[in-house]
Structure formats: structure tokens, C-alpha cells
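What the coordinates show
Here is how the chains run, residue by residue.
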Amino acid sequence: MEEVIIKPIIVKELLESLQTKVEEEKQVIVHCCFPASPFLGNLIRIWNSTYLMDNQSDHKSKLIHAENITIYPNWTPVPFMQDFWFTLIFSGLPKDCKSFDLKEVIPEEGGFFVESIKRNTLDVYRVKISESYL
């Protein structure tokens, strides 16, 4: 005899609360270009203290993963006269975020900084990295 499995009924409120949790866990992908340099021996790295900072609130999305670039204290060599691409993955931004900054918060000069990145529906971005000297 075949067992009949009855589909459970899930309360609407529970489904709505689960949807909220899914939206909170969305990740943001930032493909970064470090522009070609005429200097030999360039090295770059990213610090774990790199964030996406919402321009409308105090929210900071944390760096979760870095691809094709090393994490401090290690260094990545940059090819001579070639744009160098790497990818950063961050925790999700607030639903109402319209723009954000990418900022590497470090205890020395030269942290990466990209200002006022306009939010899109996919949360996937391509940016050109510059250095801040604050």
C-alpha cells in the first residue's frame, strides 16, 4: 500500500517572516578594476576591514569573501601595464539603500575607496578602484 503524504499548511505570517530573512541574507558582489600602471612591482591586497557603507544610514556591509586578491597581510602582484580585476563579496545592504561607498578602513594611507555607487536591482557592480589618502 502506498503512503499518502499530505502537503502541510504553513501559516501566512510564518511565510512572510521567512521571506524577510531571505532578503536580509542577500549578498552584494563587486567586481573591482585596479587600473593599469606604468610602474613595475606593484602589489595590492585587501583588508578584512573593507565595507560597503550605505549613504542613507549607518549600515556597513561586511566583506565576506575576496577572489583574485589576497587578504592582509599578504600581497598580490599586479601585472605590468594591465588592468587587474578582482571580486569582493559583501553581506547584504538594507532594502531601502539607494547608494553606497566602498571603503577600506585601515590604519595607514592608501586604502581603496569608491564613492557613491548607485544601487541596482541585481546587487552586482563593476567599479574602478582608486586610493584614498585621508
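Refer to the structure above for everything that follows.
Residues numbered from 1 in each chain as written. Predicted model: local features only at pLDDT ≥ 70, side-chain atom pairs only at ≥ 80, totals over all residues. Heavy atoms only, no water.

Under the counting rule described, the total for this entry stands at five aromatic pairs. Taken together, the ring pairs in this structure connect Phe34, Phe84, Phe86 and Phe112 into an aromatic cluster. (Phe/Tyr/Trp six-rings, centres within 6.5 Å; stacked < 30°, edge-to-face > 60°.)

This next bit is on the nonpolar core. Val30, Phe86, Leu88, Leu102, Phe112 and Ile129 are the most contacted members of the largest nonpolar core, which totals 25 residues. Excluding anything up to four places from it in sequence, Phe86 contacts Val30, His31, Cys32, Phe34, Ile44, Glu67, Asn68, Ile69, Phe112 and Ile129. (Core = buried A, V, L, I, M, F, W, Y, C linked by side-chain atoms within 4.5 Å. Buried < 20%, exposed > 50% of the residue type's maximum accessible area, 1.4 Å probe, protein only. Contact = heavy atoms within 4.5 Å.)

Turning next to the pattern of salt bridges. Within this structure, the stated rule accounts for two salt bridges. Two residues, Asp123 and Arg119, come together in a salt bridge whose shortest N-O distance is 2.7 Å. Asp123 gets classed as buried once you look at its relative accessible area, which sits at 6%. (Salt bridge = Lys/Arg side-chain N within 4 Å of Asp/Glu carboxyl O.)

Counting buried positions over the eight residues of strand E6 (residues 84–91) gives six, a clear majority of the element. Strand direction decides the pairing type here: strand E1 (residues 27–34) and E6, joined by eight bridges, are antiparallel. For Val30, the partnering residue across the bridge sits in E6 and is Leu88. Sheet analysis places strand E4 (residues 60–67) next to E6, joined by four bridges and oriented antiparallel. If you follow His65 over to E6, its bridge partner there is Ile89. (Helix = DSSP H or I, 4+ residues; strand = E, 2+ residues; numbered from the N terminus. Pairing = 2+ DSSP bridges.)

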